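# Examination of the molecular architecture
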Amino acid sequence: MKPGPLYQRDRDWHPPALTPDYKTSVSRSPQYSMISLETGVGEITGPVFGHNDIDPVDKDLLSNYAKSGESPIGERIILHGRVLDENARPVPNTLVEIWQANAGGRYRHKKDTYIAPIDPNFGGCGRTLSDENGCYHFRTVKPGAYPWRNWINNWRPAHIHMSIFGTAFAQRLITQCYFEGDPLIDKCPILKSIPDPLAIEQLVARLDLNATIPLDTIAYKFDIVVRGRRSTMFENRPEGN
Amino acid sequence: MRQELNYLKETPSQTAGPYVHIGLAPGAAGFDIYRQELGWDIAGPNAKGERIRVEGCVIDGMGSPIKDVLLEAWQANADGIYAHPEHEGEVEEGFHGWGRVITDFDTGEWGFDTVKPGPVTAPDGKVIAPHISLWIVARGINVGLQTRVYFEDEAETNATDTVLNLIEWEHRRQTLIARKSERDGKPVYRFDIKLQGQDETVFFDI
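Residues numbered from 1 in each chain as written. Chains lettered and ligands numbered in written order. Predicted model: local features only at pLDDT ≥ 70, side-chain atom pairs only at ≥ 80, totals over all residues. Heavy atoms only, no water.

## Some words on the overall build of chain A
In terms of helices and strands, chain A carries two helices and twelve strands. Each helix and strand of chain A, placed in order from N terminus to C terminus, yields the pattern β-α-β-β-β-β-β-β-β-β-α-β-β-β. Taking 18 Å as the expected radius of gyration for a compact globule of 241 residues, we find that chain A reaches 19 Å, a close match to that expectation. For chain A, the spread of C-alpha atoms along the principal axes amounts to about 60 × 40 × 30 Å. Counting only residues that meet the buried cut, chain A has 56% of its 241 residues in that class. Contacts spanning at least 24 positions in sequence make up 70% of the contacts within chain A whose residues lie at least 6 apart. Carbon and sulfur atoms provide 55% of the accessible area of chain A, an area that totals close to 10900 Å². (Helix = DSSP H or I, 4+ residues; strand = E, 2+ residues; numbered from the N terminus. Rg over C-alpha atoms; globule rule 2.2 N^0.38 Å. Buried < 20%, exposed > 50% of the residue type's maximum accessible area, 1.4 Å probe, protein only. Contact = heavy atoms within 4.5 Å. Areas by Shrake-Rupley, 256 points an atom, 1.4 Å probe, with all protein chains shown as cover.)

## Some remarks on the overall build of chain B
Summing up its helical and strand segments, chain B has five helices and twelve strands in all. A compact globule built from 206 residues should have a C-alpha radius of gyration of about 17 Å, and chain B, at 18 Å, falls within 12% of that. C-alpha extents for chain B along the principal axes are approximately 60 × 40 × 40 Å. Across the 206 residues that make up chain B, the buried fraction comes to 58%. Of the contacts formed within chain B by residues at least 6 apart in sequence, a portion of 66% connects residues at least 24 apart. Of the accessible surface of chain B, which amounts to about 9000 Å², a share of 48% is contributed by carbon and sulfur atoms. Looking at chain B, you have 20 positive and 34 negative side-chain charges, and the mean spots of the two groups are 2 Å apart. (Lys, Arg positive; Asp, Glu negative; His and termini not counted. Charge placed at Lys NZ, Arg CZ, Asp CG, Glu CD.)

## A few points about the side chain of Ser27 of chain A
Assignment of secondary structure puts Ser27 of chain A in the segment before strand S1 (35–36). In this structure Ser27 of chain A comes out as buried when scored by relative accessible area, which is 14%. Not counting chain neighbours up to four residues away, the residues in contact with Ser27 of chain A comprise Asp60, Gly61, Met62 and Gln196 of chain B.

## Notes on the interface of chain B and chain A
Listed by partner, the interface residues are 75 residues for chain B and 89 residues for chain A. The junction of chain B with chain A conceals about 7400 Å² of combined surface from both sides, 58% of it contributed by carbon and sulfur atoms. In this assembly, chain B and chain A are joined by nine salt bridges. Linking chain B to chain A there are 47 residue pairs in polar contact (both at pLDDT 80 or more). Mapped onto the side of chain B that touches chain A, the elements with two or more residues apiece are helix H1 (20–24), helix H2 (26–29), strand S2 (69–75), strand S3 (98–102), strand S7 (131–138), strand S8 (145–151), helix H4 (162–166) and strand S12 (204–205) of chain B. When the residues that make up the side of chain B that touches chain A are grouped by side-chain class, the tally is 43 nonpolar, 17 polar and 15 charged. Examined bridge by bridge, S1 of chain A and S12 of chain B share two bridges and lie parallel to one another. (Buried area = accessible area lost by both parts, 1.4 Å probe. Salt bridge = Lys/Arg side-chain N within 4 Å of Asp/Glu carboxyl O. Polar contact = N/O pair within 3.5 Å; in protein donor to acceptor, adjacent residues only side chain to side chain. Nonpolar A, V, L, I, M, F, W, Y, C, P; charged D, E, K, R; others polar. Pairing = 2+ DSSP bridges.)

## Examining the confidence of the model for chain A
Per-residue confidence for chain A gives a mean pLDDT of 95, with 95% of residues at or over 70. Within the model, the stretch residues 236–241 of chain A combines pLDDT values under 50 with 14 contacts to residues more than four positions away or in other chains. (pLDDT = per-residue confidence, 0-100.)

## Observations regarding the nonpolar core
It is characteristic of soluble globular proteins that their nonpolar side chains tend to be buried jointly. In this structure, Leu71, Trp110, Phe112, Leu134 and Ile193 of chain B are the most contacted members of the largest nonpolar core, which totals 40 residues. Among the elements of the structure, strand S1 (51–59), S2, strand S4 (109–115), S7, S8, H4 and strand S9 (177–183) of chain B are those that each provide at least two residues to this core. In terms of nonpolar packing, the next biggest core, distinct from the first, is built from 36 residues, Ile98, Ala199, Ala205 and Tyr220 of chain A among them. (Core = buried A, V, L, I, M, F, W, Y, C linked by side-chain atoms within 4.5 Å.)

Written as structure tokens, this is what we have:
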């Protein structure tokens, strides 16, 4: 298959650079127009990762930092889903990395000083490669909400940060996965940096009882969509777009 | 009733936040968890070409260096080949062309060692001047920013580069040209990224 350019990114679906209610964006948002480019060879290519780069345990946050025989405190969850492109085709073998606070809302980071305690059995990061059908899964604990300095009383809804590569450097994406039913979702200035309510909904993982392990671990489903690629019509690809 | 197109929408971006290191560079967050972190060796031991260092700061609208940035680099090897199955040609064993760095918590300085990429020939035969693509994420950056590092000592190919020439304001092209100096006999290219102001770096919507 000949590489085609990527679909234009829908900038109205993403948050704009300047979102004053999320204060840090004010001095970190470029003010001039970006220069729009066709995606060339350096954009439709990107790093390729393999099973030598990571270990199977990396995707299990319940055990990847826990002392032998122990596990982190918190609600045990499976976070799973598929990596797809805008044509709804699976994206296999792509690297998905996550990081999150522990069940009390505290990050294992030397710059986090929140009063909630560090969990000695929880690192808070994981990584995996999607399988041949684009599926990925992690096991972790549900992160806690935590306060942050923006307005004086802002609380982040429970969320897991996610980093996705796709197959092209111009598909590179970082986002945050939220959890169905969290009343803080409607109040978060970072989430509300996204103008379209439907786009916000796309970041909310659904409770997925079918994927739970009964009497053991509850599950949430979160599909990730990276940019799709154009096919060159006059190359007569029978599979079409 | 019109037909539906049935495309999916790209997952919306969200800021990487201040704790991006936990996920992408846990050693910097203060703990070891993985057998190996990714992206610390761009070129590998066997890459041909000139060994260089690229470094700089990311500066906010107040003129301060930002101390919680993560940058990723993507580049071709010295022959102008990307380490990717869709780009015809071979790269040296161990050449990734991809790297990941963070800014220093105290100074905001970032830097990586690599080989200088060669010019890339596009499918239409046009020559793309040697450059390194950068992707920049941080707290306060809602969608990762994309820019390119070009090299001061490639003036001839820079002058005909399609992308540089797309930038209508010639003085703004200079924001993409890394300045060369030498340290311990090794070329060092300085590339400061300014997020705002008169000399704001050119960013691309790719």
